[in-house]
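# Coordinate analysis (summary)
So the chains spell out like this:
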Amino acid sequence: MMASGAAFPGIERGATFVLHEGSRTLSCAASLVAAPLAALEADARDVLGPDEQALLTDRLAPSRRQSFLAGRRAAKTALSVLAPGVSLREISVLPGLLQQPVAVVPGRSNLQVTLSHAGTAAIAVAHPEACPMGVDLERAAPEAQSALGEQTTPRERALAQAVLPYDEHQRLLLLWCLKEALSKALRCGLTVPFRLLEVASLVPLPGGVRARFENFTQYEGIAFCEAPFTLALVLPHSVRWQSTDAADSPQILREWLSDVAAVG
Ligand SMILES: CC(C)(COP(=O)(O)OP(=O)(O)OC[C@H]1O[C@@H](n2cnc3c(N)ncnc32)[C@H](O)[C@@H]1OP(=O)(O)O)[C@@H](O)C(=O)NCCC(=O)NCCS
């Protein structure tokens, strides 16, 4: 586990984990950042390179400045763990043609990152390009419940009700999160009919679920809920997860959600 930023006036967490597929070992790193905009802006010059600073114009709404800065800080922190000796400023994470994050890390040609923001928090997972992933972090907004419900099938709602000990809003949010994370792994975003991203099965985990998808059987999702937050990570089904801190468990992500939920 990386050290938390001692001088940073917010939450900053990091963890490394290893995925195995056959004889292949894939090193990954996750990072969570939650901080007020003023704190993120104070550090921006140490985090952003010139091309990224050019995107942070005064025309951006404060909420977008917040998400951009928290997301870039989380993404670069995760990437830097996999590229020791490279500073955050030297790493670039710029939008690709599909608005997907495209990482360029000096000395490393095969690293990418997936990221998500919600409220003042952002989470990122850095991963080898060989192992596509998508992450999504959502904060509950009860007024969105009917819209969330419209994007689920009766089968998904029944599955979630049978397996998840949460209220209906959190169940719908968890299904949404899994589908948005899958859409990022696929790089299409939510431009495709939700039906294509349908969740086919849910198996309980402590504090969350493991999910499979109807049309993308090569992927699986892991999702956790700590109200008001929900988090999903989608990755290839063929890999076995081994945390370097707590063997064989992605539970560290759930612990981070609790930390963020504690400050709102
Ligand atoms: C991907 C998408 C679902 C993310 O939704 P969101 O409400 O912004 O939610 P999140 O905070 O969870 O994720 C945002 C991050 O997703 C990533 N992302 C955006 N598009 C992506 C894509 N096609 N594939 C993978 N990741 C993507 C970005 O890193 C973005 O953060 P950044 O802009 O700060 O770099 C949504 O933006 C989408 O559907 N995009 C496709 C449609 C499109 O091209 N829109 C262009 C803007 S109108």
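Cut-off values and rules
- Residues numbered from 1 in each chain as written.
- Predicted model: local features only at pLDDT ≥ 70, side-chain atom pairs only at ≥ 80, totals over all residues.
- Heavy atoms only, no water.
- UniProt positions renumbered as here; feature names shortened; annotations may be inferred.
- Helix = DSSP H or I, 4+ residues; strand = E, 2+ residues; numbered from the N terminus.
- pLDDT = per-residue confidence, 0-100.
- Contact = heavy atoms within 4.5 Å.
- Phe/Tyr/Trp six-rings, centres within 6.5 Å; stacked < 30°, edge-to-face > 60°.
- Buried < 20%, exposed > 50% of the residue type's maximum accessible area, 1.4 Å probe, protein only.
- Core = buried A, V, L, I, M, F, W, Y, C linked by side-chain atoms within 4.5 Å.
- Domains from an automatic or database assignment.
- Pairing = 2+ DSSP bridges.
- Axes fitted to C-alpha atoms, helices over the stretch in contact; angles between N-to-C directions.
- Polar contact = N/O pair within 3.5 Å; in protein donor to acceptor, adjacent residues only side chain to side chain.
- Buried area = accessible area lost by both parts, 1.4 Å probe.

This paragraph deals with the UniProt feature "domain: 4'-phosphopantetheinyl transferase" (unreviewed entry) in the protein. Listed under "domain: 4'-phosphopantetheinyl transferase" (unreviewed entry) in the UniProt record, and renumbered for this structure, are residues 132-201. Helix makes up 49% of residues 132-201 and strand 13%, with an end-to-end C-alpha separation of 21 Å.

As a further point, take the confidence of the model for the protein. Model confidence for the protein is summarised by a mean pLDDT of 92, while 95% of its residues fall at 70 or above. In the model, residues 1-6 has pLDDT below 50 throughout and makes 14 contacts with residues more than four positions away in sequence or in other chains.

Moving on, we come to the packing of aromatic side chains. Summed over the entire model, instances satisfying the criterion amount to 2 aromatic pairs. Taking the centre distance of 4.0 Å and the plane angle of 5° together, the rings of Phe-17 and Trp-241 count as stacked. Of the two residues, Phe-17 is situated in strand β1 (residues 11-21) and Trp-241 in strand β12 (residues 240-243); the sequence distance between them amounts to 224 residues. Each of the two residues, Phe-17 as well as Trp-241, counts as buried. When the centroid spacing of 4.8 Å and the interplanar angle of 35° are considered together, the rings of Trp-176 and Phe-194 count as tilted. Of this pair, Trp-176 sits in helix α7 (residues 168-185) while Phe-194 sits in the loop between α7 and β8 (199-205), and the two are 18 residues apart along the sequence.

With that settled, the discussion passes to the nonpolar core. Counting residues in hydrophobic clusters, the biggest one holds 32 residues, and the most contacted among them are Leu-19, Met-133 and Leu-253. Among the secondary structure elements, those contributing two or more residues to this core are β1, β2 (24-34), β6 (121-128), β7 (134-139), β10 (219-226), β11 (229-236) and α8 (251-262). Looking at this core, the element that brings in the most residues is α8, giving 6 residues. Both of domain 1 (1-131 + 239-264) and domain 2 (133-238) provide at least three residues apiece to this core.

Glancing now at the sheet that holds β10. In spatial order, the strands read β7-β11-β10-β9-β8; together these 5 strands make up an open sheet with antiparallel pairing. Sheet topology places β7 and β8 at the edges, where each strand pairs with a single neighbour. Taken pair by pair, the neighbouring strands of this sheet meet at an average axis angle of 20°, ignoring direction. In the packing of α7 onto the sheet, the strands contacted are β7, β8, β9 (208-213), β10 and β11, and the crossing angle to β7 comes to about 150°. The strands that α8 touches are β7, β10 and β11; relative to β10, the one it contacts most, it runs at about 35°.

Attention shifts here to the environment of Thr-153. Residue placement: Thr-153 occurs in the loop between α5 (145-150) and α6 (154-163). Between the alpha carbons of Thr-153 and Leu-40 there is a distance of 40 Å; along the sequence they are 113 residues apart. Not counting residues within four places of it along the chain, the set of residues in contact with Thr-153 comprises Arg-195 and Glu-198. Separated by 3.3 Å, the side chains of Thr-153 and Glu-198 make a polar contact.

Here we come to the domain arrangement of the protein. Domain parsing of the protein yields domain 1 (1-131 + 239-264) and domain 2 (133-238). A C-alpha centroid distance of 21 Å is found between domain 1 and domain 2. Roughly 2400 Å² is buried in total at the junction of domain 1 and domain 2, and carbon and sulfur atoms are behind 70% of that figure. In terms of surface lost to domain 2, no three residues of domain 1 exceed Val-239, Arg-254 and Leu-257, which account for 25% of the buried area on that side.

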